[in-house]
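Structural description and commentary
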Amino acid sequence: MSLPTFTFSTTAHEVADTLADTIHGKNVLITGTSLNGIGFEAARTIAKYANMVIITGYHLERLKLSEEAIKKDIPGTNIHPLVLDLTSLASVRKAVAEVNTFPGPLHVIIHNAAHGGGPFQPTVDGFESQMSTAHIAPFLLTKLLAPKLLAAKSPTYTPRVVMVSSEGHTFGNGVDLEAIAHPKPEKYSSSDGYFQAKSANVLFAIELSKRAQGKIKAYSLHPGNIFTNLMHKPDNKAFLIGLGALTPDGQPDHTKMAFKSMGQGAATTLVAAFDPRIEDQAGSYLCDCVGANDKAAPHSTDPKTAEKLWTVTEEALGEEFTF
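In this numbering scheme, every chain counts its residues from 1 along its sequence in written order. Where local features are concerned, this predicted model is filtered to residues with pLDDT of at least 70; where side-chain atom pairs are given and counted, the filter is 80 or more; whole-chain, interface and lining totals use all residues. Only hydrogens and water are removed before side-chain values are computed, so all heavy atoms of the structure are retained for them.

**Examining the overall build of the protein chain**
- In DSSP terms, a helix is any run of H or I states spanning at least four residues, a strand is any run of E spanning at least two, and both are numbered starting from the N terminus. Across its full length, the protein chain carries 10 helices and 10 strands.
- Since a compact globule built from 323 residues should have a radius of gyration of about 20 Å, the 18 Å found for the protein chain is in line with a globular shape.
- Taking the principal axes of the C-alpha coordinates as reference, the protein chain spans close to 50 × 45 × 40 Å.
- Relative to its 323 residues, the protein chain shows a buried fraction of 56%.
- Contacts are residue-level and defined by heavy atoms, with any inter-residue pair within 4.5 Å sufficient. Long-range contacts, defined as pairs at least 24 residues apart, comprise 77% of the intrachain contacts of the protein chain with a sequence gap of at least 6.
- With the model as given, the accessible surface of the protein chain reaches about 13600 Å², and the carbon-plus-sulfur share is 54%.
- Note that His is not counted, nor are the chain ends; the positive residues are Lys and Arg, and the negative ones are Asp and Glu. Charge placement uses NZ in Lys and CZ in Arg. For Asp and Glu, CG and CD serve respectively. Across the protein chain, 28 positive and 32 negative side-chain charges occur, with their mean positions spaced 3 Å apart. Throughout, radius of gyration means the C-alpha value; the globule benchmark is 2.2 Å times the number of residues raised to the power 0.38. Type-normalised accessible area, obtained with a 1.4 Å probe on protein chains alone, sets the label of each residue: buried when under 20%, exposed when over 50%, and partly exposed for intermediate values. Accessible areas in this description were obtained via Shrake-Rupley with a 1.4 Å probe; residue shielding takes into account the shown protein chains only.

In structure tokens:
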């Protein structure tokens, strides 16, 4: 049976209902699942059909609110809240230890979490907070959970890793590789920190797919312009007003930019995680529910840069990620 064409307007529920047979029985981990965000919307939609959905966040009480909301909407669904602070490598290791106690393999990891931006903030490990949240900690999380992902591999199924990037990856000059291990506060700006973090997402998906050699398939994506919690933060709001994306009072300016609903914003995440039509497009960048490598910036897709980013991240962590 041929599948329908997904577009800008497609919602996560429409994707999930179409791909229900593929989602059925899967175990999925998704980061950044606070209420009123696209991570929550993706988790809630996936939970309709999946065997287990692990939702993560750094604040247990907020996680509980997300869990309760999903269970209210889908009674009997198997949701596991998991405390995970992506600005702490110790927290990543603790979370992985808990995930490893869950039965069965892990079929999909969705790296959705993003740092809220703002002034330069070093993490407890000495990294810049946006880069830690978007790339360094997800790199470690994927590395440590790789055995659980690989356990899902079969002749008919390949596990996936999804990086929720942004069209913001096209701005700036790309990732400052030297700053991964040694951040440069004097050169930092909230907006450029965001651009670099999102560029790293695209590069990581490319290099992970290459190194996994078919054992794991990774994808990055732009979810669309969605009026999420992050847009309410003062620094982000000011930047977006300057771009013309928001009106002077901080509301979406639909005359300047096409905004998506939360459901539409989560749709491309589900495509990246489950659509069989992109099986042969590992490493690709997606937008509006389809492959969009032509929309990805050269500084975020250069194979040599992707390889160098992998190496400097290993060096920053002090451990290799090999298959």
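Additional details are given in the paragraphs that follow.
**Concerning the environment of Val 15**
- Examined against the element boundaries, Val 15 turns out to sit in helix α1 (residues 12–18).
- For the pair formed by Val 15 and Ala 266, sequence separation is 251 residues and the distance between their alpha carbons is 9.5 Å.
- Setting aside its immediate chain neighbours within four residues, Val 15 contacts Phe 6, Thr 10, Ala 267, Leu 270 and Val 271.

**Section: the nonpolar core**
- Residues Leu 29, Ile 54, Val 92 and Leu 145 are the most contacted members of the largest nonpolar core, which totals 43 residues.
- For this core, the secondary-structure elements that each account for two or more residues are β2 (52–57), α5 (89–99), α6 (129–150), β5 (160–164), α7 (190–212) and α10 (303–317).
- The leading source of residues in this core is α6, at nine residues.
- Excluding anything up to four places from it in sequence, Val 92 contacts Leu 84, Asp 85, Leu 86, Ala 137, Leu 140, Leu 141 and Leu 144. Residues enter a nonpolar core if they are buried and are Ala, Val, Leu, Ile, Met, Phe, Trp, Tyr or Cys, with the set joined through side-chain atoms within 4.5 Å.

**Thoughts on the side chain of Gln 264**
- Relative to the helices and strands, Gln 264 resides in helix α9 (residues 262–274).
- Gln 264 sits in the buried class, given a relative accessible area of 16%.

**Comments concerning the packing of aromatic side chains**
- Two rings belonging to Phe, Tyr or Trp (six-membered ring only in the last case) form a pair when the distance between their centres is within 6.5 Å. Interplanar angles under 30 degrees mark stacking, angles over 60 mark edge-to-face geometry, and anything in between is tilted. If you walk through the whole model with that rule in mind, you get nine aromatic pairs.
- When the ring of Phe 139 is compared with that of Phe 204, the centres are 5.5 Å apart and the planes differ by 45°; the resulting orientation is tilted. With a gap of 65 residues between them, Phe 139 in helix α6 and Phe 204 in helix α7 connect regions that are remote in the sequence. Here the two residues Phe 139 and Phe 204 agree in accessibility, since each one is buried.
- An angle of 90° between the planes, with centres 5.5 Å apart, marks the rings of Phe 139 and Phe 321 as edge-to-face. You can see Phe 139 sitting in helix α6 and its partner Phe 321 sitting in the segment after α10, a full 182 residues away along the chain.
- Note on Phe 139: relative accessible area 1%, which makes it buried.
- Through pairs of rings, three or more aromatic residues link up here, namely Phe 139, Phe 204, Trp 310, Phe 321 and Phe 323.

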